[in-house]
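# Remarks on the overall topology
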Amino acid sequence: MLKKNILYIAVLILAILITIISYFDKNKQATDEPPLGGDFSIPVAQGSLNDPKKEIFKLQDYRDKVVVLYFGYASCPDICPTALAIIGNTLKKLPAQIQAQIQPMFISVDPERDKLSALSEYGKYFYPTMISATDSTANINKLVTQYGAFYRINKQNDSAMGDSVYHTSTVYIIDKKGKMVNTINHADIQNDLESTVISLTKGQ
Amino acid sequence: MTNIFKKHFVKPVFILLLMINSTLALAQISIKDGYIREMPPGQKVSAAFMQLTNNTSDPMILTGGLSELTSAIELHQHKHVNGVMQMSKLNELVIQPSESVALKPGGLHIMLMGLKQRLVKGTSFSFQLQFADGKLQTLTLPVKSLINP
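Residues numbered from 1 in each chain as written. Chains lettered and ligands numbered in written order. Predicted model: local features only at pLDDT ≥ 70, side-chain atom pairs only at ≥ 80, totals over all residues.

The next point concerns the overall build of chain B. Along chain B, the regular secondary structure elements total 1 helix and 10 strands. Taken from N to C terminus, the helices and strands of chain B fall in the order α-β-β-β-β-β-β-β-β-β-β. (Helix = DSSP H or I, 4+ residues; strand = E, 2+ residues; numbered from the N terminus.)

Following this line, the structure appears as structure tokens:
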């Protein structure tokens with residue numbers, strides 16, 4: 001009887017130990033993964049930046065701004081313009097001193113069709129200071145992975161559009177320290193963008 | 001007096017009624033709340049949205065559209081799979097008798113491709129809807145902008 005109890009207790013202790021070890025192991029794995037977001041640089045369409053001589057956007061130059069980042073493609077007829085118009089219209093309603101602290105940005109994941117020269121007016125159409133940018137496929141892939149976005153270009157043999165870009169429609173919010181602090185899904189942009197950017201620009 | 005009445009009232013009314021009736025007879029599909037999106041500068045595509053109602057007693061199969069001012073007009077659908085927007089061509093849209101189908105943002109749209117001119121708000125654009133039985137229906141839709149000033 002006593003032997004049996006000891007055996008039960010031993011098994012119980014072992015089970016608890018395994019649980020504790022696996023818990024710490026999981027936490028260790030999670031902290032080993034780099035957080036999503038972070039600094040990047042990317043070529044921009046002409047006239048996107050305040051200094052017309054500058055042709056590269058560097059996130060580290062925007063430590064005094066909240067960056068509102070969106071990945072899409074310019075020949076997108078519905079989802080991207082809807083999201084970008086909501087971003088632009090939302091920002092336009094904010095007081096000027098708040099707007100001055102926000103930098104919206106559109107990055108095309110379709111560099112084959114979206115040449116930088118054709119993008120110079122695209123972002124500005126949605127918001128006067130919205131930056132338009134794109135890069136080589138390799139660099140775009142790196143950046144998309146860095147921010148946890150997703151896209152895939154699908155050949156559409158039966159359609160005149162040629163390629164269809166399957167993509168996430170998410171807004172990435174980068175705070176003034178350059179840290180990606182929030183993501184807003186397509187359906188929530190209308191409701192959540194305003195309060196999110198206001199909370200990050202307060203205290204100025 | 002009778003002649004004047006005939007000339008200035010009966011005849012125009014008769015012609016008007018004839019016109020209305022012939023329009024109704026031709027309008028196999030009625031279109032409500034239709035519009036086309038204003039295009040951002042530098043782009044060649046746009047989308048048309050509307051509510052289509054089948055007024056005939058047979059199913060109507062919409063297959064796309066036609067216009068000389070575009071390179072192609074197709075019916076497109078969106079699927080929202082695990083947060084990923086997937087747009088693809090829809091070969092046909094069946095509208096049952098007296099059924100209404102809404103083409104709206106985030107769902108179905110008629111995609112206008114290779115537009116030869118930029119469509120801007122305040123203007124309108126005409127094209128033809130194309131059906132599987134070969135019938136065409138012309139529609140003129142206003143161009144609307146998403147952008148607030």
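This part takes up helix α6 (residues 137-147) of chain A. Side chains of residues three or four places apart in an α-helix project in the same direction, reflecting 3.6 residues per turn. Residues and elements named next belong to chain A. Every buried residue of α6 is accounted for by Ile140, Leu143 and Tyr147. Projection of α6 onto a plane perpendicular to its axis shows the buried side chains occupying an angular sector of 65°, all on one side. Exposed and facing more than 90 degrees away from the buried side of α6 are Ala138 and Thr145. On the buried face of α6, the contacting elements are β1 (41-43), β8 (170-174) and β9 (180-185). Gly148 sits one or two residues past α6 and shows a positive phi near 75°. (Buried ≥ 20, exposed ≤ 12 C-beta atoms within 10 Å, placed from the backbone. Arc of directions from axis to C-beta. Contact = placed C-beta atoms within 7 Å.)

This next bit is on the interface of chain B and chain A. Contacts between chain B and chain A engage 27 residues on the former and 29 residues on the latter. Of all the secondary structure elements, the ones that give two or more residues to the side of chain B that touches chain A are β2 (46-54), β4 (72-81), β5 (84-89) and β8 (108-113) of chain B. Classifying every residue of the side of chain B that touches chain A gives 13 nonpolar, 11 polar and 3 charged. (Nonpolar A, V, L, I, M, F, W, Y, C, P; charged D, E, K, R; others polar.)

This part takes up the environment of Ile6 of chain A. Residue and element names in this part refer to chain A. Here Ile6 is to be found in helix α1 (residues 2-32). Looking at Ile6, the number of C-beta atoms within 10 Å reads 10, which means it is exposed. Along the sequence, Ile6 and Tyr166 sit 160 residues apart, while their C-alpha atoms lie 59 Å from each other.

Moving on to the nonpolar core. Grouped together as the largest cluster of nonpolar side chains are 51 residues, with contacts concentrated most on Val68, Ile87, Met105 and Val171 of chain A. At 8 residues, the largest contribution of residues to this core is made by helix α2 (residues 79-92) of chain A. Residues Ile73, Leu108, Ile110 and Leu119 of chain B belong to the second largest nonpolar core, which totals 23 residues. (Core = buried A, V, L, I, M, F, W, Y, C linked by C-beta atoms within 7 Å.)

Residues and elements named next belong to chain A. End to end, α2 covers 20 Å across 14 residues, agreeing with the expected 20 Å (1.5 Å per residue, within 8%). Within α2, 12 of the 14 residues are buried, leaving the element largely enclosed by the surrounding structure. Inspection of α2 places Ile79, Cys80, Pro81, Thr82, Ala83, Leu84, Ala85, Ile86, Ile87, Gly88, Thr90 and Leu91 among the buried residues, and these make up the whole buried set. (Expected span 1.5 Å × (residues − 1).)

This part is about the packing of α2 of chain A against helix α7 (residues 189-201) of chain A. Packed helix pairs are specified by the crossing angle of their axes together with the interaxial distance, meaning the distance between the axes. All names here are of chain A. The geometry of α2 relative to α7 is characterised by a closest axis approach of 10 Å and an angle of 40° between their N-to-C directions. Compared by their axis directions, α2 and α7 come out oblique. Between α2 and α7 the crossing geometry is right-handed. Residues Ala83, Ile86, Ile87 and Thr90 of α2 form the contact with α7, whose participating residues are Ile189, Gln190, Leu193 and Glu194. Among the residues making up the contact of α2 with α7, the classes are represented as 5 nonpolar, 2 polar and 1 charged. (Axes fitted to C-alpha atoms, helices over the stretch in contact; angles between N-to-C directions. Parallel < 35°, antiparallel > 145°, perpendicular 65-115°, else oblique. Left-handed = near helix turned anticlockwise from the far one by under 90°.)

This part covers the pairing of strand β7 (residues 163-168) of chain A. Pairing geometry for strand β6 (residues 151-155) of chain A and β7 of chain A, over 5 bridges, is antiparallel. Within β7 of chain A, the position partnered with Lys155 of chain A by the bridge is Asp163 of chain A. In this structure, β7 of chain A lies alongside β5 of chain B, joined through 2 bridges in antiparallel fashion. Within β5 of chain B, the residue paired with Thr168 of chain A across the bridge is Val84 of chain B. (Pairing = 2+ DSSP bridges.)

We now examine the sheet that holds β9 of chain A. Strand pairing in a sheet relies on backbone hydrogen bonds, with the paired strands running either antiparallel or parallel. Residues and elements named next belong to chain A. Pairing within the open sheet is mixed, and its 5 strands lie in the order β5-β4-β3-β8-β9. Each edge of the sheet is formed by a strand with only one pairing partner; in this case those strands are β5 (131-133) and β9. Strand-to-strand twist of the sheet, defined as the mean angle between neighbouring strand axes without regard to direction, takes the value 20°. In the sheet, strand β3 (residues 66-72) pairs with β8 via 4 bridges, with the strands oriented antiparallel. Across the sheet, Val68 pairs through a bridge with Ile173, a residue of β8.

The next thing to look at is the pairing of strand β3 (residues 60-66) of chain B. Strand residues, when the strand is regular, have side chains that alternate between the two faces of the sheet. All names here are of chain B. Bridging between β3 and strand β6 (residues 93-95) involves 3 bridges; their strand directions are antiparallel. Note that in β6 the partner of Ile61 across the bridge is Val94. Direction of pairing for β3 relative to strand β9 (residues 124-131): antiparallel, over a ladder of 4 bridges. Its bridge partner lying in β9, Leu62 is registered against Phe131.

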